[in-house]
Amino acid sequence: MNILGIETSCDETAAAVVNGGHIVRSSVVASQTAVHHPYGGVVPELASRKHLEVISQVVSEAVERAGISNNKLDAVAVTQGPGLIGALLVGFSFAKAYAYALNIPCVGVNHLEGHIHSVFLESDSPAFPFIALLVSGGHTGIYHVTSHTRCELLGQTRDDAAGEAFDKVAKMLGLGYPGGAVIEEISRKGDPYRIQFPRPYLDKADADFSFSGLKSAVRRYIETHDFKDHIPDVVAGFQEAVSDVLTFKLTQAAMSRQCSRIAVVGGVAANSRLREKVKASAAGKGLSVFIPSLAYCGDNAAMIAATGYHYLQAGHACGLTDDVYSKVPGSQLS
Ligand code: KG4
Ligand code: ZN
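Heads up: these notes are all about the structure in this document.

Some remarks on the nonpolar core
Part 1 of the reasoning: Formed by 47 residues in total, the largest nonpolar core has its most connected members in Phe197, Phe211, Val234, Phe238, Leu246 and Val264.
Part 2 of the reasoning: Elements that contribute at least two residues to this core include exactly strand E6 (130-135), helix H5 (162-172), helix H6 (179-187), helix H7 (212-224), helix H8 (231-256), strand E9 (261-265) and helix H9 (272-285).
Part 3 of the reasoning: The element that contributes the greatest number of residues to this core is H8, accounting for eleven residues.
Part 4 of the reasoning: Not counting residues up to four positions away in its chain, the partners in contact with Phe197 are Leu214, Ala217, Val218, Tyr221, Val234, Gly237, Phe238 and Ala241.
Part 5 of the reasoning: With 26 residues, the next largest nonpolar core counts Leu4, Val17, Ala66 and Val78 among its residues.

Right, dumping it as structure tokens:
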């Protein structure tokens, strides 16, 4: 079954063709970083306009690179939410129209479940159940995943998402947007132990996070120190603190659920310090680790197609009047 995936929830216009829920035939991602860079964050109105400009071309490229024709597509899977409403609407409307024209089903996908499914795009993927740490620009949470369509939220951030904290710290230091990759790069030249930023573990027993205190600690440091000659040490210290907390909470959740498999997904999963720390901690505890390759950590449409496959198998599909959502009230995946 060949599924065309489409993703436009934030600032990436992406399309992919995935076979059987895990074999990626093509994955195209058009990033809008250059559009938002001057503003230090995503400008929703500009994001929608840019999606509109490029979506048709991105989808054609994905189908072409997959080496198939449109009549070999069996379904379309598209991000329905959560995300920026205007941005989501571009992809969702396009997907419904595309599927209607080809007379194939269209299925709406939750973006967060999409990230969790990114681990199934790799040849070595986890069996159920597993504990997933989802760390992106908009969300940070730990989930107990029991099937392709079921997961339970064990804990989440009470304030900023981990990626958001990276972006804000980069912004306060004038390092540009998006901050995660820049901080990782600059940290390579820094000493992660020179400045001891707080590790906000909150109540040590639960799986909740808080990053706003850590972000404020960085702000206080730069307001009270002549930091300009050691920016790499500042960002390396910050990255170390975030990585320590995420690693601790993830492995602790796995131990308390007696689950031997853990996964890290979302844009921040691209961070090599976090990847190293999770792997080292897991090795000491006998846990198996699953982290997608860099291409599938950030927003992409292959993960959306992979998720859509399982929802279609379970009998889901959306109608022409279905709409996008920015958040689902009461949902664990918003
Ligand atoms: O999953 P994603 O592409 O989009 C959302 O769903 O939010 O995640 C984007 C986030 C941004 O906050 C970005 O700064 C962060 O992922 N990020 C990183 C790295 N690459 C991207 N954070 C830390 N280290 C990285 N290498
Ligand atoms: Zn995302």
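Quick word on H8
Part 1 of the reasoning: For H8, built from 26 residues, the straight-helix expectation of 38 Å at 1.5 Å per residue is met to within 8% by its first-to-last C-alpha distance of 38 Å.
Part 2 of the reasoning: Within H8, 21 of the 26 residues are buried, which leaves the element mostly enclosed by the surrounding structure.
Part 3 of the reasoning: Just downstream of H8, Gln258 is the residue with a positive phi angle, here 50 degrees.

Considering the coordination of the zinc ion (ligand 2)
Part 1 of the reasoning: Looking at the zinc ion (ligand 2), the protein donor atoms are His111 (NE2), His115 (NE2) and Asp299 (OD), and they sit 2.0 to 2.1 Å from it.
Part 2 of the reasoning: With four donor atoms in place around the zinc ion (ligand 2) and angles of 95 to 136 degrees between them, the coordination shape is irregular.
Part 3 of the reasoning: Site description for the zinc ion (ligand 2): donor spacing in sequence, H-x3-H-x183-D. On the criterion of sequence distance, the pair formed by His115 in helix H4 (residues 111-117) and Asp299 in the loop between strand E10 (288-290) and helix H10 (302-313) is long-range, its members being 184 residues apart. Residue His115 shares its accessibility class with Asp299, and that shared class is buried.

Considering the pattern of salt bridges
Part 1 of the reasoning: The full count for this structure, using the stated rule, is 18 salt bridges.
Part 2 of the reasoning: For Glu61, the salt bridge is made with Arg65, and the minimal N-O distance between the two is 2.3 Å. Of the two residues, Glu61 and Arg65 are both situated in helix H2 (residues 44-65); the distance of four residues between them amounts to about one turn of the helix.
Part 3 of the reasoning: For Glu61, a relative accessible area of 26% translates into the label partly exposed.
Part 4 of the reasoning: The shortest N-O distance in the salt bridge between Arg257 and Glu152 comes to 3.2 Å. Separated by 105 residues along the polypeptide, Arg257 in the loop between H8 and E9 and Glu152 in strand E8 (residues 150-156) bring together distant segments of the chain.
Part 5 of the reasoning: The structure contains a network of salt bridges with shared partners spanning Arg199, Glu240, Asp244, Arg273, Glu276 and Lys277.

Reading the values: the criteria
Residues numbered from 1 in each chain as written. Chains lettered and ligands numbered in written order. Predicted model: local features only at pLDDT ≥ 70, side-chain atom pairs only at ≥ 80, totals over all residues. Heavy atoms only, no water. Core = buried A, V, L, I, M, F, W, Y, C linked by side-chain atoms within 4.5 Å. Buried < 20%, exposed > 50% of the residue type's maximum accessible area, 1.4 Å probe, protein only. Helix = DSSP H or I, 4+ residues; strand = E, 2+ residues; numbered from the N terminus. Contact = heavy atoms within 4.5 Å. Expected span 1.5 Å × (residues − 1). Donors = N, O, S within 2.8 Å, 3.2 Å for Na, K, Ca; no water. Tetrahedral: all angles 85-135°; square planar, octahedral: opposite > 155°, others 65-115°. Salt bridge = Lys/Arg side-chain N within 4 Å of Asp/Glu carboxyl O.

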